[in-house]
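Structural description and commentary
Below are the chains, spelled out letter by letter.
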Amino acid sequence: MALSPTWTNKSTTRGLILDAIRAARTISRVELAAATGLAGATISELVRELIDDGLVVEAGRGAPTGGKPRTLVQLDPRARYSVGVQMERNACVIVVVDLAGRPVARTSFQGVASMPPEQALPMIASQVDALLATAAVDRDRVLGVGLVSYGPQDRRAGVLLSPQPSAPWLEYPVAERLAQHLGLPVLLDNDAAAAAIGEYWMGAVDPRSTYGCIYMASGIGGGIVVAGEVYRGSSSNSVELGHMSIDVNGDQCPCGNVGCLENYAGPSALVRQAAATPALAERLVPDPDSADFLTGFARIAAAADAGDQAARGLIERSARYLGAAAVTMTILFDVDAIVLAGPSFAAAGSIYPTVIQEEVDRRTVSWRTHPVRVTPSVNGPDAAAIGAAALVLQSELTHGRTRTEEGRGAGGHARPAVAVAGD
């Protein structure tokens with residue numbers, strides 16, 4: 001069963017109010033009316049419904065403004081939860097977040113790349129079950145699971161359109177099968193898009209802004225968010241920065257393009273470059289052909305951060321290439337900020353933000369009518385997993401009621417489903 005946007009005008013309005021409360025943290029009904037443009041009577045009615053539903057609670061009174069102090073409302077973080085699963089080529093990170101988007105539990109494990117989906121998905125499901133039990137989260141309060149991975153994808157069908165990490169994953173119904181194992185709705189999305197929206201949900205960006213996200217784990221991806229909505233493109237496979245051609249005479253990429261950014265600036269590229277550098281090869285990259293190249297990249301990044309000039313040279317060259325991608329993103333989308341998210345950026349400390357900011361400042365002077373800030377993600381290496389959970393919250397709450405609630409069976413559990421958000 002697929003979830004689709006079949007909400008009513010009233011539930012859309014509820015979602016608008018919920019999102020305004022989330023963004024403000026605490027807010028009065030009068031301020032809600034000003035923020036949303038809704039009539040005071042509508043605000044009062046729907047806030048009362050949200051309180052009755054347990055999603056919102058009253059939180060004392062605001063500062064006096066010349067009259068009676070206004071009663072403030074806020075989300076009840078424990079009212080609902082969601083799960084985010086980041087499935088990388090070799091590793092998996094799982095987080096449980098509350099209604100405010102704050103992580104309450106986390107786990108990670110490796111080995112996904114060595115398994116076919118028939119083995120990997122039951123393992124992921126068992127890890128989700130164990131994490132919910134450890135965190136003492138009532139499954140009746142879990143809205144669903146966000147499963148994020150690399151692209152390209154068919155989000156509506158819930159399948160990956162890539163034979164990675166191995167051929168059996170190509171067009172395998174990952175979302176449907178995981179939903180069947182868990183008995184919860186599953187939403188499939190791009191890891192970079194998830195990392196991007198996670199910044200919005202955590203309040204790290206102006207909710208009215210347009211900003212970009214460059215995501216780097218084992219590969220490189222990108223996302224654009226406009227006023228709280230991910231820019232999707234016609235098939236929800238937009239902003240694949242890693243496969244932007246930076247050399248028209250470059251080597252052929254498995255994606256079909258030539259001279260792709262990922263093959264110059266990504267973690268696997270740096271491991272290959274280090275293996276070809278005598279000063280680094282034996283010390284940092286004993287096995288350049290290992291499937292776990294992220295370990296080699298982490299060693300290079302740590303050495304660079306510690307002052308090793310050869311290692312730093314590799315990281316800085318990678319950052320210059322990524323700076324070119326950031327400049328392209330700035331020119332194409334007129335962004336206010338660019339967020340750097342993912343475990344590979346987190347491993348390299350301040351080198352990437354500093355160099356990419358320099359490139360953006362230097363190379364966009366003629367186009368800039370406002371400053372463009374390059375900043376690390378507030379969600380650190382788990383940005384995609386946290387963003388995956390945030391996408392579920394956004395789909396189920398701020399976009400209005402979907403079929404998740406219609407599909408709940410005995411005991412309040414949702415029937416297995418594939419959730420599709422934001423289409």
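Details of the structure are given in the entry above.
The residue numbering used here restarts from 1 in each chain and proceeds along that chain's sequence as written. For a predicted model such as this one, the threshold for reporting local features is a pLDDT of at least 70, and the threshold for listing and counting side-chain atom pairs is 80 or more; totals across whole chains, interfaces and linings nevertheless cover every residue. Hydrogens are left out, water is left out, and the side-chain values use all remaining heavy atoms of the structure.

Quick look at the packing of aromatic side chains
Two numbers describe a pair of aromatic rings. These are the distance of the centres and the angle of the planes. Put simply, the test is: Classification of ring pairs uses Phe, Tyr and Trp, with its six-membered ring standing for Trp, and accepts pairs whose centres are within 6.5 Å; under 30 degrees between planes counts as stacked, over 60 as edge-to-face, and the remaining range as tilted. What counts as a helix is a DSSP run of H or I of at least four residues, what counts as a strand is a run of E of at least two, and both are numbered from the N terminus. Cation placement over rings: the criterion is NZ of Lys or CZ of Arg within 6 Å of the ring centroid and within 35° of the ring normal.
What the rule picks out here adds up to three aromatic pairs. Ring centres of Tyr-264 and Tyr-321 lie 5.5 Å apart, and the angle between their planes is 50 degrees; on these two criteria the pair is classed as tilted. Taken together, the residues span a long stretch of sequence, with Tyr-264 in helix 7 (residues 262-265) and Tyr-321 in helix 11 (residues 309-333) at a distance of 57 residues. Taking NZ or CZ as reference, Arg-22 lies 4.6 Å from the ring centre of Tyr-200, over its face. Geometry around Tyr-150 places Arg-89 over its ring, the cationic atom sitting 4.3 Å from the centre.

Regarding the pairing of strand 13 (residues 220-226)
The criterion, for reference: Whether a residue is buried, partly exposed or exposed follows from its accessible area with a 1.4 Å probe, protein chains only, as a fraction of its type maximum: under 20%, in between, or over 50%, in that order. The criterion for strand pairing is that DSSP finds at least two bridges linking the strands in question.
Across the seven residues that make up strand 13, a large majority, six, are buried. Two strands pair when backbone bridges link them, and strand 12 (residues 210-216) and strand 13 are joined in this way by seven bridges, in the antiparallel orientation. Looking across to strand 13, one finds that Tyr-211 is bridged to Val-225. Between strand 12 and strand 13, which pair antiparallel in sequence order, lie three residues. Adjacent in sequence and paired antiparallel, strand 13 and strand 14 (residues 229-230) are bridged by two residues, among which Ala-227 carries a positive phi angle near 50 degrees.

Brief notes about the nonpolar core
The nonpolar side chains of a soluble globular protein tend to be buried with one another. Keep this limit in mind: Nine residue types can take part in a nonpolar core, namely buried Ala, Val, Leu, Ile, Met, Phe, Trp, Tyr and Cys, and a core is a set of them joined through side-chain atoms within 4.5 Å. Residue contacts are defined here by distance: any two heavy atoms, one from each residue, within 4.5 Å place the two residues in contact.
Of all hydrophobic cores here, the largest spans 42 residues; its most connected members are Ile-214, Ile-315, Leu-322, Ile-338, Tyr-352 and Ile-356. Sorting the residues of this core by element identifies strand 12, strand 13, helix 8 (267-275), helix 10 (293-305), helix 11, strand 15 (337-341) and helix 13 (351-363) as the ones contributing at least two each. Counting residues per element, this core draws most heavily on helix 11, at nine residues. For Ile-214, the contacting residues outside a window of four places in its chain are Ile-220, Gly-221, Leu-241, Leu-322, Ala-326, Met-329, Ile-338, Val-339, Leu-340, Ala-341 and Phe-345.

Notes on the pattern of salt bridges
So the rule is basically this: A pairing counts as a salt bridge when a side-chain nitrogen of Lys or Arg comes within 4 Å of a carboxyl oxygen of Asp or Glu.
Counted under the stated rule, the structure contains 18 salt bridges. The shortest N-O distance in the salt bridge between Asp-206 and Arg-208 comes to 3.1 Å. Overall, the relative accessible area of 35% leaves Asp-206 in the partly exposed class. A single network of salt bridges, built from pairs that share partners, joins Arg-320, Glu-358, Glu-359, Arg-362 and Arg-363.

Considering the sheet that holds strand 4 (residues 71-75)
If you trace the three strands from one edge of the open sheet to the other, you get 2-4-3, paired in antiparallel fashion. Of all strands in the sheet, those bounded by a partner on one side alone are strand 2 (27-28) and strand 3 (56-61). Relative to strand 4, strand 2 runs antiparallel, the two being bridged by two bridges. Note on strand 4: the bridge partner recorded for Ser-28 is Leu-72.

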